[in-house]
Amino acid sequence: MPATEITVTSAGMVAGKELLIPTGVLGSTFPHIQDWVTSKLKAKAPVKDVSASVLVKGIKQWAAYEEKAGSRKVLTVFRIT
């Protein structure tokens, strides 16, 4: 299942989950989401799957990962096709 990185903006909270709206900007495409996760782990950058705590408007299948970048957290969202 190919995964494409997408850029999203937060639209607040809905039913206890963060609602994310895609901006239309597409990033890298990976043959499988595990390829991205493996590359992050090899680079010693731990990532946490937060897909259950977010909703992405207009996309049926997605994966969301959170990683630390300095003192802040970076959210990376993928559209799975």
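Remember, predicted model here, so these are calculated numbers, not experimental data.

Peer 1: Kindly report on the side chain of Thr4, identifying the contributing residues and their values.
Peer 2: Take Thr4: it is sitting in strand 1 (residues 3-14). Look past the residues within four positions of Thr4 in its chain and what remains in contact with it is Leu26, Gly27, Ser28, Thr29, Val77, Phe78 and Arg79.

Peer 1: Can you tell me about the pairing of strand 1, naming the residues and giving the values?
Peer 2: Sheet analysis places strand 1 next to strand 2 (residues 17-30), joined by eight bridges and oriented antiparallel. The residue of strand 2 that forms the bridge with Thr4 is Thr29. Taken together, strand 1 and the strand that follows it, strand 2, pair antiparallel across an intervening segment of two residues, in which Ala15 is found at a positive phi of about 55°.

Peer 1: Would you mind going over the pattern of salt bridges in detail, with residue names and values included?
Peer 2: Evaluation of the coordinates by the stated rule reveals two salt bridges. A salt bridge links Lys40 to Glu67, with the shortest nitrogen-to-oxygen separation between them at 3.5 Å. With Lys40 in helix 1 (residues 33-42) and Glu67 in strand 5 (residues 62-69), this residue pair connects regions lying 27 residues apart in the sequence. On the basis of relative accessibility, which here comes to 23%, the residue Lys40 falls in the partly exposed class. Ionic pairing is found between Lys73 and Glu66, a salt bridge with its closest N-O pair at 3.9 Å.

Procedures and definitions
Residues numbered from 1 in each chain as written. Predicted model: local features only at pLDDT ≥ 70, side-chain atom pairs only at ≥ 80, totals over all residues. Heavy atoms only, no water. Helix = DSSP H or I, 4+ residues; strand = E, 2+ residues; numbered from the N terminus. Contact = heavy atoms within 4.5 Å. Pairing = 2+ DSSP bridges. Salt bridge = Lys/Arg side-chain N within 4 Å of Asp/Glu carboxyl O. Buried < 20%, exposed > 50% of the residue type's maximum accessible area, 1.4 Å probe, protein only.

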